[in-house]
Each structure stands twice: as C-alpha cells, then as structure tokens.
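Report on the structure
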Amino acid sequence: MGVTIFSPAKINLSLAVTGRRADGFHDLVSVVATLEFGDTLEAWAEAGGPAAHDAGARFRLECDATDVPGDGANLVLRAATLFAAQTGWDGGARFRLTKRIPAGAGLGGGSSNAVAALRALNELSGGRADAAQLAAMAAQLGSDCPLFLQGGPVVMRGRGERIEALPEAAAARLRGRRVLVFKPTFGIATPWAYARLVARGTDYVPAAEAERRLAAWCAGDAPAEDLLANNFEPAAFAKYLALPVLLAALRREFGVAAGMSGSGSACFALLREEQDAAPLVDRIRAAWGPEACVQVTRIASS
Ligand code: C5P
C-alpha cells in the first residue's frame, strides 16, 4: 500500500523579523503562501519487524537529487523517526522523493518535505496522530514546518509555530496569483541570514509596526503587490549584489513587483494575469545564466 503526497514550495509575500528571543530564535510576522509548484513524496508501508528500533533500517529514502542528503540528516527521515517515537507506531516505510524545489532558496523545500512525511505516515498508520500532535511534531522539526500543515495563505508568527488563516477577503487577493520564482545558482543558509541580522542590528521591524501594516493591508483592498516587504533583503543584498540588481531591472523593465522569499536566495515576481512570462524568463537567464532555476507558477488556490 502506498500514498503520494504533494509537497509544495512557499513564498513569503511579507516577512518582518521583529526581534531576537531569549531562546536564540527570532520572532517574526510573515504572510506566507504555498505554491502550485513543489516536490512529490511517495511512501510505501513496510514491516517494522525486528528492526523496529533501528530508524535507519525502518525508514528508507530514495531521492533523485544529488544535493539532498539521503541519510538521517534528511528532514523526511527525521520526521519519520519523530512520528514513530511520538505515536508509538511500529511500522516501517520506504520513501521516494522527487525534488523540484531547490535547496538554500527560502522556498521551504526541506520543511515542506518533512510535513509531507508526517502526512504520509499518518495515512499509512491509519491516523495515529491527531491535528494537535501533528502541529507539535511539525514545530519541533523546523520553524517553517507548521505553515505547511495549514495550507493556503497564512500569517505566521512567533518563531513560525503560530499559524493563522488570513481573513477571507485578504486571502482571495493572493489565491491563484501568477508568480515567477527564480533562484541563482548559489543558495543562502538560513542561519547565516539570521546571524547577519544580529550582527547588523538595524534591520529589525518593530512588531507593532509589522502588525499595523498587515492589518491595514487586510482591511483595505490593495493588491498583493502592496504587501511585499522582507527585512532579510538588506543583509542578503549587501553580499549578493546579483539579487538587487536583477530585481531592480525586472521592476524597471517589466513594471512587476518583485522581492526575495524568506532568507533567500530565491526571489519572485508577481505576474499580471495576461502578462507574457517569456521575456522575464529570458531576462533572468541573461543575467544569471542557464543554470538558474526559473519557474512560472501560481499561489495555491486552497
Ligand atoms: O527552525 P529551523 O531549523 O528552520 O531554523 C534554522 C536556524 O535559523 C535556527 O537555528 C536559528 O538560528 C534560525 N532561526 C531563527 N528564528 C526563526 C527561525 C530560524 O533565529 N524564527
């Protein structure tokens, strides 16, 4: 018996890191949306058997991407081990991960895969975990994991574990929007980006200001374009000049709103419904080369 789970990428339409917490993590206020673009995780139940206590033997992962760890460092296997420990399920599983989301991108690929693994095992085990247990496991696996349990455009707060649906009228302005996602050949490690915020010290957005801005956007009828802001950008742009230069060119030459997702290095542009994406794709490839990852997709509609 097997299950197939779609594991979407996300973009942060807005991201305000508001300050550093006593536990070393950061608080943030972010509007996040999952995309129609993503990975596929397949899982098949296997007997846990005598090897039931050896996670390495119980859960196996095969992946088509060479830059994805296939061992216990992979979030799919970490999620599976946690699921078994938390629910007492003694089965085993074989996973096949088809990767499309690049790593080091700020598109939540690894986090999304971890949540897909939790969902897969919950199905294979006949629903051993309830919604609250799944949420607790997701939060333990990574700050960006809980948002993938909810789906749809959400507001993410705390270190990422407090997820709230956007008010319907606001969510409707995001659902189904065409987006162009593009990532240069280099990635940015999230811990590096947070360390730069700490070192610079000047990029934080006060929580009250972030909440005021979000409430104003939700209450009004401004388009998605007006939401875009990301206070990781100054630190990332100071080092990786290719990012602000291309974003400025796309804004100037095509009149699109564009920004970086999460801690980067992937960026996105909001496309108008009738807009031809091909000239933007050509412009990105001219600047960043043929190896750049470029994807025309949409914000998920559910
Ligand atoms: O939770 P996750 O493993 O994705 O976080 C990776 C690193 O990013 C953390 O170790 C921490 O340094 C930083 N981080 C943070 N505040 C957050 C999320 C991540 O400081 N809200």
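Residue numbering note: each chain is counted from 1, following its sequence as written. Per-residue local features of the predicted model are confined to residues with pLDDT of at least 70, and side-chain atom pairs are confined, for both listing and counting, to 80 or more; whole-chain, interface and lining totals are unaffected and use all residues. Here the side-chain values reflect all heavy atoms present in the structure, with hydrogen atoms and water set aside.

1. Some details on helix α3 (residues 109-124)
The α-helix winds at 3.6 residues per turn, so residues separated by three or four positions along the chain end up facing the same way. Starting at the N terminus, helices and strands are each numbered in turn, a helix being any DSSP run of H or I of at least four residues and a strand any DSSP run of E of at least two. In a helix, the anticipated span is given by 1.5 Å times the number of residues less one. Its 16 residues give α3 an end-to-end C-alpha distance of 22 Å, which sits within 8% of 22 Å, the value for a rise of 1.5 Å per residue. Relative accessibility decides the category of a residue: with a 1.4 Å probe and only protein chains considered, values under 20% of the type maximum give buried, values over 50% give exposed, and everything between is partly exposed. Buried residues dominate α3, accounting for 13 of its 16 residues.

2. Comments concerning the packing of aromatic side chains
Side-chain rings of Phe, Tyr and Trp (the six-membered ring for Trp) are treated as a pair once their centres are within 6.5 Å; stacked means planes under 30 degrees apart, edge-to-face means over 60, and tilted covers the remaining angles. What the rule picks out here adds up to five aromatic pairs. An angle of 65° between the planes, with centres 5.8 Å apart, marks the rings of Trp 192 and Tyr 240 as edge-to-face. With a gap of 48 residues between them, Trp 192 in helix α7 (residues 190-200) and Tyr 240 in the loop between α9 (233-239) and α10 (242-254) connect regions that are remote in the sequence. Note on Trp 192: relative accessible area 25%, which makes it partly exposed. Ring pairs connect the aromatic residues Phe 186, Trp 192 and Tyr 240, which therefore count as one cluster. Sitting over a ring, as applied to charges here, requires NZ of Lys or CZ of Arg to be within 6 Å of the ring centre and within 35 degrees of the ring normal. The aromatic ring of Trp 217 is capped on one face by Arg 173, whose charged end is 4.3 Å from the ring centroid.

3. Description of the site of the ligand
If even one non-hydrogen atom of a residue comes within 4 Å of a molecule or strand, that residue is called near it. The immediate surroundings of the ligand are formed by Gly 24, Phe 25, His 26, Leu 28, Gly 142, Ser 143, Arg 159, Thr 190 and Tyr 194. Any pair of N or O atoms that falls within 3.5 Å is considered a polar contact. Within protein, one atom must be able to donate a hydrogen and the other to accept it, and sequence-neighbouring residues count only if both atoms are side-chain atoms. Interatomic distance of 2.8 Å between a side-chain N/O atom of His 26 and an oxygen atom of the ligand. Ser 143 is positioned such that a nitrogen or oxygen atom in its side chain is 2.6 Å from an oxygen atom of the ligand. Residue-level accessible areas treat just the shown protein chains as cover; the underlying method is Shrake-Rupley with a 1.4 Å probe. Contact with the protein chains hides 69% of the accessible area of the ligand, taken as 450 Å² for the molecule alone. When atom positions are compared with the pocket grids, the ligand is found to occupy the largest pocket. The class makeup of the residues in the shell around the ligand is three nonpolar, five polar and one charged. Only protein atoms enter the 1 Å grid, on which a cavity is a set of points fitting a 1.4 Å probe that cannot get out and a pocket is an open set with protein on both sides within 12 Å along at least 5 of 7 lines, lining residues being those with an atom within 4 Å of a point. For a molecule to be placed in a cavity or pocket, more than half of its atoms must lie within 2 Å of the grid points of that cavity or pocket. For this scheme, ten residues count as nonpolar: Ala, Val, Leu, Ile, Met, Phe, Trp, Tyr, Cys and Pro. Four count as charged, namely Asp, Glu, Lys and Arg, and the remainder, Gly too, count as polar.

4. Quick look at the nonpolar core
Joining through side-chain atoms within 4.5 Å is the link that ties buried Ala, Val, Leu, Ile, Met, Phe, Trp, Tyr and Cys residues into a set, and such a set is a nonpolar core. Phe 59, Phe 95, Leu 121, Leu 180 and Phe 182 are the most contacted members of the largest nonpolar core, which totals 68 residues. When neighbours within four sequence positions are excluded, Phe 59 is seen to be in contact with Leu 77, Ala 80, Thr 81, Ala 84, Trp 89, Gly 91, Gly 92, Ala 93, Phe 95 and Leu 121. Counting residues in each nonpolar core, the second largest holds 33 residues, with Leu 13, Val 31, Leu 227 and Leu 270 among its members. Only heavy atoms matter for contacts: two residues are in contact if any of them lie within 4.5 Å across the pair.

5. Here we look at the pattern of salt bridges
A side chain with one charge can pair with a side chain of the opposite charge if their charged atoms come near. A pair is scored as a salt bridge if a Lys or Arg side-chain nitrogen falls within 4 Å of a carboxyl oxygen belonging to Asp or Glu. Using the criterion set out here, one finds 18 salt bridges in the structure. Taking the shortest distance from any N to any O, the salt bridge between Arg 96 and Glu 62 comes out at 3.3 Å. Note that Arg 96 is positioned in strand β4 (residues 92-98) and Glu 62 in strand β3 (residues 59-63), a separation of 34 residues in sequence. For Arg 96, a relative accessible area of 31% puts it in the partly exposed group. Residue classification places Glu 62 among the partly exposed residues on the basis of a relative accessible area of 38%. A single salt-bridge network, built from bridges that share partners, covers Glu 42, Glu 46, Arg 60, Glu 62, Arg 94 and Arg 96.

6. Here we look at the packing of helix α2 (residues 75-87) against α3
Helix-helix packing is characterised by the crossing angle of the two axes and by the distance between the axes. Each axis is a line fitted through C-alpha atoms, taken for helices only over the stretch in contact, and angles between the N-to-C directions span 0 to 180 degrees. Orientation of α2 relative to α3, taken along the N-to-C sense of each, is 40°, at an axis distance of 8 Å. Classed by the angle they form, the pair α2 and α3 counts as oblique. Once α2 is placed against α3, the crossing between them reads as right-handed. In contact with Leu 75, Val 76, Ala 79, Ala 80 and Phe 83 of α2, α3 contributes Gly 110, Ser 111, Asn 113, Ala 114, Ala 117, Leu 118, Leu 121 and Asn 122. Relative orientations are named as follows: roughly parallel for angles under 35 degrees, roughly antiparallel for angles over 145 degrees, roughly perpendicular for angles from 65 to 115 degrees, and oblique for any other angle. Should the near helix be turned counterclockwise from the far one by less than a right angle, the crossing is left-handed, whereas a clockwise turn marks it as right-handed.

7. Quick word on the environment of Trp 217
In this structure, Trp 217 sits in helix α8 (residues 207-219). Sequence spacing of Trp 217 and Gly 106 is 111 residues, and the spatial spacing of their C-alpha atoms is 23 Å. Beyond its immediate chain neighbours, meaning those up to four positions away, Trp 217 contacts Leu 166, Ala 170, Arg 173, Leu 174, Ala 222, Pro 223, Ala 224, Asp 226 and Leu 227.

8. Description of the environment of Gln 275
Locating Gln 275 in the fold gives a position in the loop between β10 (267-270) and α11 (278-288). When the C-alpha atoms of Gln 275 and Asp 39 are compared, they prove to be 26 Å apart, with 236 residues separating the residues in sequence. A distance of 3.0 Å separates the side chain of Gln 275 from the backbone nitrogen of Arg 272, its partner in a polar contact.

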